[in-house]
Amino acid sequence: MSEEKVLVAMKAAGKPMSAGQIAEAAGIDRKDVDKAMKVLKAEEKIISPKRCYWEPK
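Residues numbered from 1 in each chain as written. Predicted model: local features only at pLDDT ≥ 70, side-chain atom pairs only at ≥ 80, totals over all residues. Heavy atoms only, no water.

Chemist: Hey, could you go over the packing of helix α2 (residues 19-26) against helix α3 (residues 30-42) for me, with residue numbers and the actual values?
Modeler: As a packed pair, α2 and α3 sit with axes 9 Å apart at the nearest point and diverge in direction by 110 degrees. What the angle tells us is that α2 and α3 run roughly perpendicular. Judged by the sense of rotation from one axis to the other, the crossing of α2 with α3 is right-handed. On the side of α2, the interface is formed by A19, G20, I22 and A23, while α3 contributes R30, V33, D34 and M37. (Axes fitted to C-alpha atoms, helices over the stretch in contact; angles between N-to-C directions. Helix = DSSP H or I, 4+ residues; strand = E, 2+ residues; numbered from the N terminus. Parallel < 35°, antiparallel > 145°, perpendicular 65-115°, else oblique. Left-handed = near helix turned anticlockwise from the far one by under 90°. Contact = heavy atoms within 4.5 Å.)

Take a look at the structure:
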């Protein structure tokens, strides 16, 4: 699942990331990252410490 790849990439980075950075780090398409992040936000698994950047909760 894309959600798992996104979370793994975010945890590996250890810092807040933009969607573009997550797509590059996870090796998946930006559209798939956006869809995965929408699910992760709804499940409250990621938070945004600053605008347009996300990190795992």
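Following the structure, the description resumes.
Chemist: Outline the nonpolar core, listing residues and values.
Modeler: In this structure, V6, M10, I22, V33, M37 and I46 are the most contacted members of the largest nonpolar core, which totals 14 residues. Among the secondary structure elements, those contributing two or more residues to this core are α1 (2-13), α2 and α3. A total of four residues in this core trace back to one element, the largest contributor, which is α3. Not counting residues up to four positions away in its chain, the partners in contact with M10 are K15, M17, I22, I46, W54, E55 and P56. (Core = buried A, V, L, I, M, F, W, Y, C linked by side-chain atoms within 4.5 Å. Buried < 20%, exposed > 50% of the residue type's maximum accessible area, 1.4 Å probe, protein only.)

Chemist: So what about the environment of S48? Which residues, and what values?
Modeler: Here S48 shows up in strand β1 (residues 46-50). Take S48: its relative accessible area is 35%, and that puts it in the partly exposed class. Considered as a pair, S48 and M1 are 47 residues apart in the sequence and their alpha carbons are 22 Å apart. In this structure, S48 is in contact with Y53 and W54, ignoring residues within four places of it in sequence. Here the side chain of S48 touches K50 through a polar contact of 2.8 Å, landing on its backbone oxygen. A distance of 2.9 Å separates a polar side-chain atom of S48 from the backbone oxygen of Y53. (Polar contact = N/O pair within 3.5 Å; in protein donor to acceptor, adjacent residues only side chain to side chain.)

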